[in-house]
Amino acid sequence: MMNRLVIRRPDDWHVHLRDGAMLEAVAPWTARQFARAIVMPNLVPPVISVAAAEAYRTRILAALPLSDFTPLMTCYLVDRAEPAELVRGFEGNVWAAAKLYPAHATTNSAHGVTDMRTLWPALAAMERIGMPLLVHGEVTDPDVDIFDREAVFIDRVLAGVVRDFPALKVVFEHITTAEAVAFVEAAGPNVAATVTPHHLIINRNALFASGLRPHFYCLPVAKRERHRLAVRKAATSGSLKFFLGTDSAPHTVAAKESSCGCAGIFNAPYAMEAYAAVFEEEGALDRLEGFASEHGPRFYGLPLNEGHVTLERAKNEVPASLAAAGTSVVPFQAGETLRWRFAGPA
Ligand code: NCD
Ligand code: ZN
């Protein structure tokens, strides 16, 4: 049995670092495990302009004075997004990618896209310059069952984008279904997906285990077991198309434990431990490094990280909550004892 695992320093290709006091509380957790992260732009107000992204990047770096962490910024796409602003930000090394939130699909997406057709000029420009499109892949049609919204999004939206922009780099974010796995596998090498720890570990039963469990609620919502198994198989397969993106999305305990609780799971503090457990269970520990540290940079056309980190086999208790922003946040797997511990630089 392997008791120590040394891998190239990993990156997180999808994280919510928030702003203000919450940013200061959560950014160190991400910077502790990951060298770089693709930072989501769904602040209030969202990060739409190059100037707003530069200012946000400065605030992130200020929250991490002792770290060499690199935040990779994303543009929040709105109806009629301006191609020239996307090109300027990407070529000026501010934007790493642009994020599509269908309007009202998830937390802080009220300014998201209502009419996909208005994005066609922006998508054409992104295809031309090699700027990745990151997709929150759920339809918002209230007539579509919430557990079907990802699969329906493929048919109604994503298939058309990939057909009309065959060379566009697309990341189908936080995939949760067998349909998403099949779509990504069948598409060209320019279409990839991120996978969260929680969608590898829980199915939808976790939301209702002897009561309503708000800390397991996120979007896209966890699906049936057969979907979890399909996502696990893809993530641990060694395919270059699947890579690590935690979708760590902290909300205060009061915002989660409410009559209308926020969507989002805060998994940054024990992310690598959670992924390691999954890869071990699938007999694929030798593939963790590809998923966590190689496939993402390859897709984005960025260099691999230089250093290495160690994971040790050790009992690792996840606290019931962590202090943040004058209150607390509940981490994923709170109260559980994990088998792995992230031990820092190798
Ligand atoms: C995210 C958040 O809270 O910002 N929530 C979530 O459930 N994942 C938004 C998102 O990525 O959908
Ligand atoms: Zn997210």
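All values reported here derive from a predicted model rather than from experimental measurement.

Novice: Mind laying out the coordination of the zinc ion (ligand 2), listing which residues take part and the relevant values?
Specialist: Coordination of the zinc ion (ligand 2) by the protein involves His14 (NE2), His16 (NE2) and Asp247 (OD), with metal-donor separations of 2.0 to 2.1 Å. The sequence pattern describing where the donors of the zinc ion (ligand 2) fall on their chain is H-x1-H-x230-D. Neither His14 nor His16 differs from the other in exposure class; each is buried.

Novice: Can you lay out the pattern of salt bridges for me, pointing to particular residues and giving the numbers?
Specialist: Scanning the entire structure with this criterion turns up 14 salt bridges. With a closest N to O distance of 2.7 Å, Glu281 and Arg232 form a salt bridge. Of this pair, Glu281 sits in helix H10 (residues 271-281) while Arg232 sits in helix H8 (residues 225-235); the two residues are 49 residues apart in sequence, bridging distant segments of the chain. Take Glu281: its relative accessible area is 46%, and that puts it in the partly exposed class. Beyond isolated ion pairs, a larger network of salt bridges with shared partners links Arg232, Glu280, Glu281, Glu282, Arg313 and Arg339.

Novice: If you had to explain the sheet that holds strand E6 (residues 133-135) to someone new, which residues and values would you point to?
Specialist: The 8 strands lie next to each other as E2-E3-E4-E5-E6-E7-E8-E9, forming an open sheet whose pairing is parallel. Each edge of the open sheet carries a strand with a single partner, namely strand E2 (12-15) and strand E9 (242-244). Averaged over neighbouring strand pairs, the angle between their axes works out to 30 degrees when direction is ignored. Across 3 bridges, the pairing between E6 and strand E7 (residues 170-172) is parallel. Bridge pairing in E7 places Val135 opposite Phe172.

Novice: Give me the lowdown on the site of ligand 1, citing residues and values where you can.
Specialist: Contacts to ligand 1 come from 15 residues, most closely from Arg18, Asn42, Thr106, Leu219 and Asp247. Here Asn42 contributes a side-chain N or O atom positioned 2.8 Å from an oxygen atom of ligand 1. The separation between an oxygen atom of ligand 1 and a polar main-chain atom of Gly264 is 3.1 Å. Computed on the free molecule, ligand 1 has an accessible area of 310 Å², of which 100% lies beneath the protein chains in the complex. Residues belonging to the shell around ligand 1 are distributed by class as follows: 4 nonpolar, 9 polar and 2 charged.

Novice: If you had to explain a negative patch on the surface to someone new, which residues and values would you point to?
Specialist: Where like charges cluster on the molecular surface, the negative patch consists of Asp145, Asp148, Asp155 and Glu179. Mapped onto the secondary structure, Asp155 falls in helix H5 (residues 149-164).

Novice: Tell me about helix H11 (residues 288-300), residues and numbers included.
Specialist: Between its terminal C-alpha atoms H11 stretches 18 Å, which fits the 18 Å expected from 13 residues at 1.5 Å a residue. A maximum bend of about 40 degrees is found in H11 at Glu294, where proline Pro297 lies one to four positions downstream. Most of H11 sits out of view: 10 of its 13 residues are buried. When we look at burial in H11, the residues that qualify are Leu288, Gly290, Phe291, Ala292, Ser293, His295, Gly296, Pro297, Phe299 and Tyr300. Phi turns positive, to about 75 degrees, at Gly301, one or two residues after H11.

Novice: Let's hear about the side chain of His295: which residues, and what values?
Specialist: Tracing the backbone through its elements, the reader meets His295 in helix H11. Assessed through its relative accessible area of 6%, His295 is described here as buried. Leave out the neighbours within four places in its chain, and His295 touches Gly238, Ser239, Leu240, Phe242, Phe243 and Gly290.

Reading the values: the criteria
- Residues numbered from 1 in each chain as written.
- Chains lettered and ligands numbered in written order.
- Predicted model: local features only at pLDDT ≥ 70, side-chain atom pairs only at ≥ 80, totals over all residues.
- Heavy atoms only, no water.
- Donors = N, O, S within 2.8 Å, 3.2 Å for Na, K, Ca; no water.
- Buried < 20%, exposed > 50% of the residue type's maximum accessible area, 1.4 Å probe, protein only.
- Salt bridge = Lys/Arg side-chain N within 4 Å of Asp/Glu carboxyl O.
- Helix = DSSP H or I, 4+ residues; strand = E, 2+ residues; numbered from the N terminus.
- Pairing = 2+ DSSP bridges.
- Axes fitted to C-alpha atoms, helices over the stretch in contact; angles between N-to-C directions.
- Near = heavy atom within 4 Å.
- Polar contact = N/O pair within 3.5 Å; in protein donor to acceptor, adjacent residues only side chain to side chain.
- Areas by Shrake-Rupley, 256 points an atom, 1.4 Å probe, with all protein chains shown as cover.
- Nonpolar A, V, L, I, M, F, W, Y, C, P; charged D, E, K, R; others polar.
- Patch = residues over 30% accessible without salt bridge, like charges linked within 9 Å, V, L, I, M, F, W, Y side chains within 5 Å.
- Lys, Arg positive; Asp, Glu negative; His and termini not counted.
- Charge placed at Lys NZ, Arg CZ, Asp CG, Glu CD.
- Expected span 1.5 Å × (residues − 1).
- Bend = angle between axes of the 7 residues up to and from the residue.
- Contact = heavy atoms within 4.5 Å.

The values are spatial; any link to function lies outside them.
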